[in-house]
Amino acid sequence: MHEVDVAIVGGGPAGSSAARAAAEEGAEAVVLEKGVPRADRDGLGPDSTDAAGILDYWVDIMDFAPDEIPEWVKCRELSGAEFIGPNESMTLRSTGIESSYPNFGFTMHRARFDDWLRERAEDAGAEYRVGAAVREVETDHRAYTHTLTLRDGERIRADYLVLADGPQRTVTSRVLDPLLPDGSVERLAAPRANHIAYQEYREFPEEVFEADLLKFWWGAMPGHTAYPWVFPNDGTVARVGLTMPIGMDLCEVEDRDSYRLLRPEDERIPQGKVYLRRLLEQEYGDRYDVDEHFPLVEDRGKRGGTETYPISSTRPIDSPTVANVAVVGGAMGATSAFHEGGDHVAVRTGKIAGRLAALGALRAYNSEWKAAIGDEVLRSVALAELVRGYGPADWDRTLRTAGNIVERGEGFGLRNSVAAGTAGAKLFARYQRVKRRYRDGRYVQIREGDYAV
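About the thresholds
- Within every chain, residues take consecutive numbers counted from 1 along the sequence as written.
- Local features in this predicted model are restricted to residues whose pLDDT is 70 or higher, and side-chain atom pairs enter the listing and the counts only when it is 80 or higher, whereas totals over whole chains, interfaces and linings include all residues.
- Each side-chain value is worked out from all heavy atoms of the structure, with water and hydrogens disregarded.
- A run of H or I in DSSP becomes a helix once it reaches four residues, and a run of E becomes a strand once it reaches two; helices and strands are each numbered from the N terminus.
- Our radius of gyration is a C-alpha quantity, and the globule rule it is checked against amounts to 2.2 Å times the number of residues to the power 0.38.
- Summary of the burial criterion: residues with accessible area below 20% of their type's maximum are buried, those above 50% are exposed, and those between are partly exposed, where the area comes from a 1.4 Å probe applied to protein chains only.
- To measure how exposed things are, a 1.4 Å probe is used in the Shrake-Rupley method; for residues, cover is taken only from the protein chains shown.
- In this tally Asp and Glu are treated as negative and Lys and Arg as positive; neither His nor the chain ends contributes.
- Where a charge lies is defined by one atom per residue type: Lys uses NZ, Arg uses CZ, Asp uses CG and Glu uses CD.
- Fitting a line to C-alpha atoms yields each axis, with helices limited to the stretch in contact; the angle taken between N-to-C directions then spans 0 to 180 degrees.
- Just so you know how the angles are binned, under 35 degrees is roughly parallel, over 145 roughly antiparallel, 65 to 115 roughly perpendicular, and the rest oblique.
- Two residues form a contact once any of their heavy atoms are found within 4.5 Å.
- In this count, Pro and Cys sit with the nonpolar residues alongside Ala, Val, Leu, Ile, Met, Phe, Trp and Tyr, while Asp, Glu, Lys and Arg are called charged and the others, Gly among them, polar.
- The definitions used throughout rest on a 1 Å grid laid over the protein atoms alone, on which a cavity is an enclosed set of points accommodating a 1.4 Å probe that cannot get out and a pocket is an open set flanked by protein within 12 Å on both sides along at least five of seven lines; lining residues are those having an atom within 4 Å of a point.
- Grid points are joined across faces, edges and corners, and a volume is the space filled by probe spheres set on the points.
- Between any two strands, pairing holds if DSSP finds at least two bridges.
- Patch rule: a residue counts if its relative accessible area is over 30% and it has no salt bridge; like charges are joined within 9 Å, and nonpolar side chains (Val, Leu, Ile, Met, Phe, Trp, Tyr) within 5 Å.
- Salt bridges, as used here, are contacts in which a Lys or Arg side-chain nitrogen is within 4 Å of a carboxyl oxygen on Asp or Glu.
- Think of a nonpolar core as a cluster: buried Ala, Val, Leu, Ile, Met, Phe, Trp, Tyr and Cys residues, connected wherever their side-chain atoms sit within 4.5 Å.

A. Inspection of the overall build of the protein chain at higher detail. Secondary structure assignment for the protein chain yields twelve helices and 17 strands. For a compact globule of 453 residues, the expected C-alpha radius of gyration is about 22 Å, and the protein chain comes in at 22 Å, within 12% of that figure. Along the first, second and third principal axes, the C-alpha atoms of the protein chain reach 65 × 45 × 45 Å. Buried positions account for 58% of the 453 residues belonging to the protein chain. Carbon together with sulfur atoms contributes 45% to the accessible area of the protein chain, which is approximately 18,700 Å² in total. One finds the centroid of the 56 positive side-chain charges in the protein chain at a distance of 5 Å from the centroid of its 74 negative side-chain charges.

B. Focus on the packing of helix H10 (residues 392-406) against helix H12 (residues 422-438). Running from amino to carboxyl end, H10 crosses H12 at an angle of 100°, the nearest separation of the two axes being 9 Å. Compared by their axis directions, H10 and H12 come out roughly perpendicular. Where H10 abuts H12, its residues Thr-398, Thr-401 and Ile-405 lie against Ala-423, Gly-424 and Leu-427. Here the contact of H10 with H12 is composed, by residue class, of three nonpolar, three polar and no charged.

C. Here's a closer look at empty space enclosed by the protein. Here the structure, examined in full by the defined rule, presents one cavity of 30 Å³ or more. Among the elements of the structure, strand E13 (213-217) and strand E14 (227-232) are those that each provide at least two residues to the lining of the largest cavity. The biggest single contributor to the lining of the largest cavity is E14, with three residues. Of the residues in the lining of the largest cavity, the class split is nine nonpolar, no polar and two charged.

D. The sheet that holds strand E16 (residues 306-312), seen in detail. In spatial order, the strands read E6-E5-E13-E14-E15-E12-E16; together these seven strands make up an open sheet with mixed pairing. Taken across any chain shown, the strands that pair with only one partner, and hence form the sheet edges, are strand E6 (89-92) and E16. Mean inter-strand twist for the sheet, computed between neighbouring axes without regard to direction, equals 20°. Relative to E16, strand E12 (residues 194-203) runs antiparallel, the two sharing seven bridges. Its bridge partner lying in E16, Tyr-198 is registered against Thr-308. Its contacts with the sheet put helix H6 (residues 272-284) on E12, E13, E14 and strand E15 (237-245), and the angle it makes with E15 is roughly 125°. Contacting strand E5 (80-84) and E6, H10 crosses the sheet at an angle of about 40° to E6.

E. Representation of the sheet that holds strand E4 (residues 74-78) within the structure. Strand order in the open sheet made by the three strands is E3-E7-E4, with antiparallel pairing throughout. Each edge of the open sheet is held by one strand with a lone partner, namely strand E3 (54-55) and E4. Where E3 lies against strand E7 (residues 105-108), two bridges are found, and the strand directions are antiparallel. Bridging across to E7, Leu-55 finds its partner in Gly-105.

F. Local environment of a positive patch on the surface. Together, Arg-187, Arg-192, Arg-315 and Arg-447 give the surface a local cluster of positive charge. Note on placement: Arg-187 falls in the loop between helix H4 (170-176) and helix H5 (190-193).

G. Just the nonpolar core, in detail. Counting residues in each nonpolar core, the largest one holds 107 residues, and the members touching the most others are Val-6, Ile-8, Leu-161, Phe-216 and Tyr-365. Of the residues forming this core, the biggest block, eight residues, is contributed by helix H9 (residues 365-386). Apart from residues lying up to four places away in sequence, Val-6 is in contact with Ala-22, Ala-27, Glu-28, Ala-29, Val-30, Ala-158, Tyr-160, Val-162, Ala-357 and Ala-358.

H. Structural detail: the pairing of strand E10 (residues 145-150). The element E10 is largely enclosed, with a buried count of six among its six residues. Of the two faces of E10, the one lined by Thr-145, Thr-147 and Thr-149 and the one lined by His-146, Leu-148 and Leu-150 are each fully buried. In terms of strand pairing, strand E9 (residues 134-140) meets E10 through six bridges, oriented antiparallel. Note that in E10 the partner of Glu-136 across the bridge is Thr-149. Turn length for the E9-E10 hairpin, with the two strands adjacent in sequence and antiparallel, is four residues, and the turn residue Tyr-144 shows positive phi of about 55°. As paired strands, E10 and strand E11 (residues 155-163) are joined by four bridges and run antiparallel to one another. Opposite His-146, over in E11, you have Ala-158 as the bridge partner. If you look at the hairpin formed by E10 and E11, you'll find four residues sitting between the two strands, and Gly-153 has a positive phi there, around 95°.

I. Inspection of unusual backbone geometry at higher detail. The phi angle at Asp-63 is positive, at roughly 65°, despite the residue not being glycine. As for its placement among the helices and strands, Asp-63 is situated in the loop between helix H2 (56-61) and E4.

Take a look at the structure:
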């Protein structure tokens, strides 16, 4: 049996970051990545999915220097983001959060980002295995050591276990289930805990390709934090995608005629590809033929220029650190459907868990990740809760108010909100009330004390 100090399940941003941090502290660390084929990469790798990219202050959350991420990982530097409602829109040219990165942010090639993080982990001395699916984890509940059985039958014993298998939580749920005797692990079941995302790689006509702008449509489709987007890649290729809850029932949608991407003949919630075609026809169909002028780029994505993937939409969970287990990134619910991903929080939680495991100080993990990313998690949870139940008219009202606030200066602070009038002051007050509800770590949905350890 192979023995290591730290075993890491999952080789995405969280897993690779944990491995590098552990190896830098002198621990023997191994990453076990099952590997998923992609049409746009050679060989196996982590289940990478190109998401939006990285905002300016996210670079600081990841604890990277502004010039540390190599240019070959990036697709485009960004100058802002446009938020489009049924009748109102606004454009942000600043996140309003102090940061060291010089621009609004950047879009990136996610597979290259993963490759870069993997190289850093291996350079630090960590072992990274691809095609190593974990079949079973046995925990010694006296010593709290862990024995992992791989698909090929190999067994690995580890003093510390870092679970970084993303929002699907294939291994995480099996490890946590015996430690949550009240059945709390069911809160993390995919249909309840995740959204589904779908995206296509499309070539855009040069005259309508906006190379430095993220675009989001709100109130165009039903569902809590459901929205389509367009993100610029290299050349004139953009990722056109959406995120929406799993298992929605169209019969439960109120005022369905107000959603521009629904049709009277729809008997169920449309498939992602149907929504996206309607979006492109709505935005560009008066001037262009979608098939001819916005062709799929079929050699990108997971298959044929498309990809479907889960994205965490839960509040995060604490880890059972007494059992020498840390859950990081999407597996812990730290990523968010509201801001379309969370590579930044995945990287940071991975770094914290790997370092503490190597130092034999994993008991500090839950407090350290809250100190590092708690403000970001609180923002995402509060914003998502603020817009719960929103319909198209609500989005128009909010975007109009937010636009008036932005016109008065960077950020959404009290002064600018009050200056925007009664609507601005009320929006700011509602947001602050929701934040107070979840402050002091109350955004955590499974606390460390809930585990039977």
